[in-house]
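Observations on the three-dimensional arrangement
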Amino acid sequence: MRHEFKGRSLSVINDLSIAERRYLFAKTRELKEAIAGRDEKKLAEFRIDDPDFGIYEVFLEDSTRTRESFKNAAKFHRVKLSSLSTDSSSFNKGESYADTFNTLAGYDNSIFIIRSKLEGVCRWLEEAAAGYAQRNGLPGRPSFINAGDGKHEHPTQELLDEFTFLEDNDWSSDHLHIALAGDLFHGRTVHSKAHGLTVFDSVKVDLIAPPELAMPTYYTEIMKGHGFEVREFSSIEEYLAQDAIADKWYFTRPQLERMGDRILQRQEELRESITFAQRFLPLIPEHTRFYHPLPRHKGHPVIPTFLDTTSLNGWERQSSNGMLVRIVLLGLFSGRIGEDYIIPEVQEERGEKEDFIERVPSSSSGQERHYSEGVHPISDGIVIDHIGKGDTTGEIRNHMATITRVLGLHGKGGDWVSTSNKDPDTFKGIIFRPDMKEFDRTSLKRLAAIAPGSTLNIIAHGQVLEKYRLHLPPKIYNFTDLSCKNPNCISNPIHHEQVPAFFWKTPSGAFVCEYCGKDHTFKEIWN
Ligand code: NCD
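Residues numbered from 1 in each chain as written. Predicted model: local features only at pLDDT ≥ 70, side-chain atom pairs only at ≥ 80, totals over all residues. Heavy atoms only, no water.

Attention now moves to the overall build of the protein chain. What the protein chain contains, in helices and strands, is 16 helices and 19 strands. Considering only C-alpha atoms, the protein chain reaches an extent of 85 × 60 × 50 Å along its principal axes. The burial tally for the protein chain puts 56% of its 527 residues in the buried class. A separation of at least 24 residues holds for 75% of the contacts in the protein chain among residues at least 6 apart in sequence. Here the protein chain contributes 65 positively and 77 negatively charged side chains, and the mean placements of these two sets differ by 2 Å. (Helix = DSSP H or I, 4+ residues; strand = E, 2+ residues; numbered from the N terminus. Buried < 20%, exposed > 50% of the residue type's maximum accessible area, 1.4 Å probe, protein only. Contact = heavy atoms within 4.5 Å. Lys, Arg positive; Asp, Glu negative; His and termini not counted. Charge placed at Lys NZ, Arg CZ, Asp CG, Glu CD.)

Written as structure tokens, this is what we have:
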């Protein structure tokens with residue numbers, strides 16, 4: 001029987017469905033009780049207990065809690081735990097991530113825990129290592145767990161945060177009202193909350209950060225898309241001047257190491273707007289809890305240390321829950337536990353299924369009288385019409401050159417700029433190729449990806465035989481002229497990792513990189 005978790009990877013929090021996360025939390029709760037009750041029999045059910053089971057941790061950025069809690073979790077499991085010493089490895093000789101991790105997978109290792117500055121590393125390795133495993137006859141595909149990638153995501157932190165919120169909600173997932181205060185711009189832990197908080201049925205999020213450290217719109221849009229009520233405030237002071245104050249506050253540290261000089265010059269002022277002060281205490285509702293992924297800066301903690309001994313302190317238990325959640329996660333991905341997970345009948349799906357190649361009935365197109373200007377000069381061949389409608393003539397010419405290059409439409413014919421039949425002020429591009437007699441399905445998909453809004457006419461004996469109207473496809477990949485524009489993304493060609501670009505279309509028509517999650521407009525994704 002197929003095991004739902006074995007060999008899975010966790011690159012972003014959304015890699016685990018809501019039902020899977022709830023299952024993981026139920027298991028973590030069982031584990032926590034077994035540890036408290038020293039129930040050895042129960043604990044044995046969780047343990048991988050195999051000295052040959054290989055777990056590798058590779059930390060290319062600093063860490064205490066994430067790294068050490070994973071190490072302690074691996075020790076709980078009594079497995080083979082190794083660490084790659086990244087300051088003396090072949091990374092420094094320019095070796096790629098794929099080559100490095102394939103090598104380690106070949107030494108009989110099944111789970112990799114990776115923290116990196118580059119974003120999207122685990123998603124790429126999951127793909128690359130699956131191919132390696134197949135080529136080399138490994139017994140299964142290795143799992144990759146993202147222990148924080150740049151400013152992108154920190155899914156295992158998100159798991160322990162959600163677990164702690166549920167614990168403090170008496171295990172009810174009905175409602176969450178949370179304030180996120182701090183560096184919401186650079187903090188990957190808060191970015192994972194955009195999808196992560198969907199474990200709660202109704203969510204109200206208050207974002208507290210000065211504009212320089214504000215949550216990127218990309219994430220606030222995701223939150224709104226999930227139906228969260230989202231409000232924004234520029235300081236704790238401003239937040240406390242209104243009545244609807246959250247009972248859970250999640251603080252994050254200003255990530256100075258990721259900030260440019262311009263922001264660093266104003267660090268004191270920025271820090272002040274997100275630091276809790278004694279004078280705020282009377283304004284905090286009863287039963288409020290504070291959380292923090294930690295570390296706190298010893299000189300400038302956003303949660304001052306005088307709060308450690310108060311009932312606000314939720315961050316210490318939150319941190320120790322980290323090891324428990326990670327024990328369960330390793331247990332699931334190793335296949336040791338998780339057999340009793342019941343797959344819900346309605347599965348959440350990613351991406352939209354839609355028809356982006358619309359065939360316009362040939363009866364109407366065959367008798368079409370008002371051929372647009374471009375169809376006239378050829379009696380046989382293909383005509384791509386309505387290219388870049390509404391753009392400037394220069395943009396349209398560039399775009400036609402890209403289409404010609406990407407689709408290999410070299411040969412006899414022409415490209416020209418005309419105006420729309422309906423609106424003489426609107427320009428459009430037309431490409432005609434009299435020698436091309438057919439246009440296969442793959443080319444149609446590629447054309448939709450590069451020239452949405454255009455039409456393709458296949459003409460024979462002066463008649464339009466077939467006509468297609470092309471729309472933005474739900475995903476775009478398989479083009480060499482495509483690349484993610486995030487300089488920190490593993491798929492960005494500047495890193496030479498040879499990762500093929502891949503984009504998903506969002507409901508609002510943006511294109512999101514499969515690896516780092518950065519959103520682009522349709523035009524931005526083309527080189
Ligand atoms: C966080 C991280 O590294 O993203 N820490 C953690 O893993 N607990 C937050 C931070 O560095 O501020």
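This next bit is on unusual backbone geometry. Looking along the chain, the bond that leaves Leu294 and enters Pro295 is cis, with omega of 10°. Position of Pro295 among the secondary structure elements: in the loop between strand E9 (289-291) and helix H13 (315-334). The backbone of Arg38 shows a phi angle near 45°, a positive value even though the residue is not glycine. Within the element layout of this structure, Arg38 appears in the loop between helix H1 (18-36) and helix H2 (40-46). Look at Arg38 and you get exposed, because its relative accessible area is 71%. Positive phi is not limited to glycine here, since Asn478 has a value of about 70°. Residue Asn478 is classed as exposed on the basis of its relative accessible area, which comes to 58%.

With that settled, the discussion passes to the site of the ligand. As a matter of local geometry, the ligand sits amid Thr66, Arg115, His154, Gln157, Arg188, Thr189, Arg253, Gln255, Pro293, Leu294 and Pro295. In this structure, a nitrogen atom belonging to the ligand sits 2.9 Å away from a main-chain N or O atom of Leu294. Expressed as a share of its isolated accessible area of 320 Å², the protein-covered part of the ligand is 93%. The cavity that encloses the ligand is the second largest pocket. Residue composition of the shell around the ligand, by class: 3 nonpolar, 5 polar and 3 charged. (Near = heavy atom within 4 Å. Polar contact = N/O pair within 3.5 Å; in protein donor to acceptor, adjacent residues only side chain to side chain. Areas by Shrake-Rupley, 256 points an atom, 1.4 Å probe, with all protein chains shown as cover. 1 Å grid on protein atoms, 1.4 Å probe; cavity = no way out; pocket = protein on both sides within 12 Å on 5 of 7 lines; lining within 4 Å. Sits in = over half its atoms within 2 Å of the grid points. Nonpolar A, V, L, I, M, F, W, Y, C, P; charged D, E, K, R; others polar.)

In this section: the pairing of strand E6 (residues 202-208). With respect to burial, E6 is a largely interior element, 6 of its 7 residues being buried. In this structure, strand E5 (residues 175-181) lies alongside E6, joined through 7 bridges in parallel fashion. The partner of Ala181 across the bridge, within E6, is Ile208. Note that E6 and strand E7 (residues 229-233) share 5 bridges and pair parallel. Bridge assignment links Val205 to a residue of E7, and that residue is Val230. Once the chain exits E6 it traverses helix H9 (residues 217-225) before rejoining the sheet at E7, and the crossover so formed is right-handed. (Pairing = 2+ DSSP bridges. Right-handed = clockwise from strand over helix to strand, strands pointing away.)

Moving on to helix H16 (residues 441-450). Those residues of H16 that fall on the buried side of the exposure criterion are Leu444, Leu447, Ala448, Ala449 and Ile450. Elements in contact with the buried residues of H16: strand E10 (357-360), strand E11 (381-387), helix H15 (393-407), strand E14 (455-460), strand E15 (463-470) and strand E16 (475-477).

The next subject is the pattern of salt bridges. Across all of its chains, the model carries 36 salt bridges by this definition. Where Glu61 meets Arg188, a salt bridge forms, and the shortest distance between an N and an O atom there is 2.9 Å. Placement of Glu61 in the loop between strand E1 (50-59) and helix H3 (65-77) and of Arg188 in helix H7 (residues 188-191) is noted, with a sequence separation of 127 residues between them. Residue class for Glu61 comes out buried when judged on its relative accessible area of 16%. A relative accessible area of 6% means that Arg188 is categorised as buried. When the shortest N-O distance is used, the salt bridge between Lys412 and Asp435 registers 3.8 Å. A residue pair is termed long-range when its members are at least 10 positions apart, and Lys412 in the loop between H15 and strand E12 (414-419) and Asp435 in the loop between strand E13 (427-433) and H16 qualify at 23 residues. According to the relative accessible area criterion, Lys412 is exposed, its value standing at 55%. Connected through shared salt-bridge partners, Lys27, Glu30, Lys42, Glu45 and Asp340 make up one network. (Salt bridge = Lys/Arg side-chain N within 4 Å of Asp/Glu carboxyl O.)

What follows concerns H9. Inspection of H9 places Tyr218, Tyr219, Thr220, Ile222 and Met223 among the buried residues, and these make up the whole buried set. Positioned one or two residues after H9, Gly227 has a phi angle of 90°, which is positive.

All told, the structure shown has 30 aromatic pairs when counted by the stated rule. Judged by centre distance (5.5 Å) and plane angle (65°), the ring pair of Phe276 and Phe280 falls under edge-to-face. Grouping residues by exposure puts Phe276 and Phe280 together as buried. Here the aromatic rings of Trp416 and Phe432 are separated by 5.3 Å at their centres, their planes lie at 70°, and the arrangement is edge-to-face. With a gap of 16 residues between them, Trp416 in strand E12 and Phe432 in strand E13 connect regions that are remote in the sequence. Residue placement shows Lys193 over the ring face of Tyr250; its charged tip is 4.2 Å from the ring centre. (Phe/Tyr/Trp six-rings, centres within 6.5 Å; stacked < 30°, edge-to-face > 60°. Lys NZ or Arg CZ within 6 Å of the ring centre and 35° of its normal.)

With parallel pairing, the 5 strands of this open sheet are ordered in space as E7-E6-E5-E8-E9. At either margin of the open sheet sits one strand with a lone partner, and together these are E7 and E9. For this sheet, the mean angle separating the axes of adjacent strands, direction not counted, is 20°. The strands touched by helix H6 (residues 155-168) within the sheet are E5, strand E8 (248-251) and E9, with E8 carrying the most contacts at an inclination of about 160°. Packed onto the sheet, H9 meets E5, E6 and E7 and runs at close to 145° relative to E7. (Axes fitted to C-alpha atoms, helices over the stretch in contact; angles between N-to-C directions.)

For the rest of this paragraph, the subject is the domain arrangement of the protein chain. Each assigned domain of the protein chain is listed with its residue range as follows: domain 1 (13-153 + 323-334), domain 2 (155-318) and domain 3 (357-473). Spacing between the C-alpha centres of domain 2 and domain 3 amounts to 51 Å. (Domains from an automatic or database assignment.)

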